[in-house]
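Remarks on the overall topology
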Amino acid sequence: MRTPLIAGNWKMYKTAAEATAFVRAFLPMVAGVADVEIVLAPAFTSLGTVAMLTAGSRIAVAAQNVHFETEGAFTGEVSARMLREAGVTHAIVGHSERRQYFAETDASVNLKVKAALAGGLTPILCLGETLAEREADQTFTVVERQLRGGLAGIPATDAGLLVIAYEPVWAIGTGRTATPEQAQEVHALLRALLGAFWHDDAAAASVRILYGGSVNPGNVKSLMSQPDIDGGLVGGASLKPDSFAEIVKFR
Ligand code: 13P
């Protein structure tokens, strides 16, 4: 059985002081949650603070990006080893905003997935089609390319160490959620693709595939009732402790 995973991607919101206030309010709200993994992905400047405040709780901390080298002359970048030392356990990789605004490609995303795994971080590999691609019936082609590109060279033995997030670009920050059926269709495809990629259906069955794109307290339950939706990657609705706690407690 795949343990549900609910992750909050704060994007470029919240100073460390604001992150502290969030965590102090949020911790008691989810103190009774035992059957869901919770991940918070604050900005780099808040990672250490959030990791310290959540130590000993069931909340894990994710970076929103990771560089693919271990160290070197890469001004402005942060390595997996640096993140680990700050208490980070997960890294979001290949978010559509990074692909769109920071020129990330399947090739660079693949290097980052490998660097995260090598550095002991759980990569959360994001993929998803744009509205134009969906309307041109390209959804399956696009996500297959992103999945194969992002996971190139990753063996089936790493299946349990990584997470996939399907985030249709047209659903991000738009309030226009994919229907549970639309999301399930792509999630099932992704799982079948993983099975074919690794020639190993058991490995594919062990991978958690999250849905992201306008997840909120009102739609999380119906999304999570789909067989291949194993969690959520939540943007806007993760910024307030009460709405994110409601999502975490979707059951
Ligand atoms: P929203 O939940 O704000 O649509 O953002 C989704 C997202 O991009 C999470 O990574």
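A brief structural summary.

Criteria and cut-off values
- Residues numbered from 1 in each chain as written.
- Predicted model: local features only at pLDDT ≥ 70, side-chain atom pairs only at ≥ 80, totals over all residues.
- Heavy atoms only, no water.
- Helix = DSSP H or I, 4+ residues; strand = E, 2+ residues; numbered from the N terminus.
- Rg over C-alpha atoms; globule rule 2.2 N^0.38 Å.
- Buried < 20%, exposed > 50% of the residue type's maximum accessible area, 1.4 Å probe, protein only.
- Contact = heavy atoms within 4.5 Å.
- Areas by Shrake-Rupley, 256 points an atom, 1.4 Å probe, with all protein chains shown as cover.
- Pairing = 2+ DSSP bridges.
- Axes fitted to C-alpha atoms, helices over the stretch in contact; angles between N-to-C directions.
- 1 Å grid on protein atoms, 1.4 Å probe; cavity = no way out; pocket = protein on both sides within 12 Å on 5 of 7 lines; lining within 4 Å.
- Points joined across faces, edges and corners; volume = space filled by probe spheres on them.
- Nonpolar A, V, L, I, M, F, W, Y, C, P; charged D, E, K, R; others polar.
- Phe/Tyr/Trp six-rings, centres within 6.5 Å; stacked < 30°, edge-to-face > 60°.
- Lys NZ or Arg CZ within 6 Å of the ring centre and 35° of its normal.
- Salt bridge = Lys/Arg side-chain N within 4 Å of Asp/Glu carboxyl O.

What about the overall build of the protein?
For the protein, the count of helices and strands is 11 helices and 8 strands. For 251 residues, the compact-globule estimate of 2.2 N^0.38 gives 18 Å, and the C-alpha radius of gyration of the protein, at 17 Å, lies within 12% of that figure. Counting the 251 residues in the protein, one finds 53% classified as buried. Taking the intrachain contacts of the protein between residues at least 6 apart in sequence as the baseline, contacts between residues at least 24 apart amount to 72%. If you sum the accessible surface of the protein, you get close to 11,000 Å²; carbon and sulfur atoms cover 56% of it.

Observations concerning the sheet that holds strand 5 (residues 122–127)
Sheet architecture is closed into a barrel: 8 strands sit in the order 1-2-3-4-5-6-7-8, paired in parallel fashion. When strand polarity is set aside, the average angle formed by the axes of neighbouring strands in this sheet is 25°. Alignment of strand 3 (residues 59–63) against strand 4 (residues 90–93), held across 2 bridges, turns out to be parallel. Paired with A63 across the two strands is A91, which belongs to strand 4. Its contacts with the sheet place helix 8 (residues 180–198) against strand 5, strand 6 (163–166) and strand 7 (208–212), and it is angled at close to 150° to strand 7.

What to know about empty space enclosed by the protein
One pass over the structure, following the stated rule, counts 1 cavity of 30 Å³ or more. Its volume calculated, the largest cavity comes out at about 30 Å³. For the largest cavity, the full set of lining residues is Y211, V215, V220, L223, M224, I229, G231 and G232. Of all the secondary-structure elements, those providing two or more residues to the lining of the largest cavity are helix 10 (220–224) and strand 8 (231–234). Among the elements that take part in the lining of the largest cavity, helix 10 stands out by supplying 3 residues, more than any other. Partitioning the lining of the largest cavity into residue classes produces 6 nonpolar, 2 polar and no charged.

Topic: the layout of surface pockets
By volume, the largest pocket amounts to about 530 Å³. If you trace the largest pocket, you find 19 residues lining it, with K11, M12, Q64, R98 and F102 closest to the centre. Broken down by element, the lining of the largest pocket gets its largest block of residues, 5 residues, from helix 4 (residues 96–101). Residues that form the lining of the largest pocket fall into these classes: 8 nonpolar, 7 polar and 4 charged. For the second largest pocket, the calculated volume is near 250 Å³. Around the second largest pocket, the lining is made up of 20 residues, and of these K11, G173, S214, G235 and G236 lie nearest the centre. Here the residues of the lining of the second largest pocket are counted per class, giving 8 nonpolar, 10 polar and 2 charged.

Observations regarding the packing of aromatic side chains
Applying the stated criterion across every chain yields a total of 5 aromatic pairs. Ring centres 5.2 Å apart and planes at 35° place the aromatic pair F22 and F26 in the tilted group. Here F22 pairs with F26, and both are found in helix 1 (residues 16–29), just 4 residues apart, close to one helical turn. Residue classification places F22 among the buried residues on the basis of a relative accessible area of 3%. Their ring planes at 55° and their centres at 5.9 Å tell us that F197 and W198 sit as a pair that is tilted. For F197, a relative accessible area of 21% puts it in the partly exposed group. The exposure class assigned to W198 is buried, which follows from its relative accessible area of 9%. Of the aromatic side chains, those joined through ring pairs into one cluster are W10, F22, F26 and F244. The ring of W10 carries the charged tip of K14 above its face, separated from the ring centre by 5.2 Å.

A short note on the pattern of salt bridges
Close approach of charged atoms lets side chains of opposite charge pair. By the definition in use, this model includes 13 salt bridges. Between E104 and K112 there is a salt bridge whose closest N-O contact spans 2.8 Å. Each member of the pair, E104 together with K112, is buried. In this structure, D230 and R191 form a salt bridge, with 2.7 Å as the shortest nitrogen-oxygen distance. Separated by 39 residues along the polypeptide, D230 in the loop between helix 10 and strand 8 and R191 in helix 8 bring together distant segments of the chain. Of the two residues examined, D230 and R191, each falls in the buried class. Beyond isolated ion pairs, a larger network of salt bridges with shared partners links R2, R191, D228 and D230.

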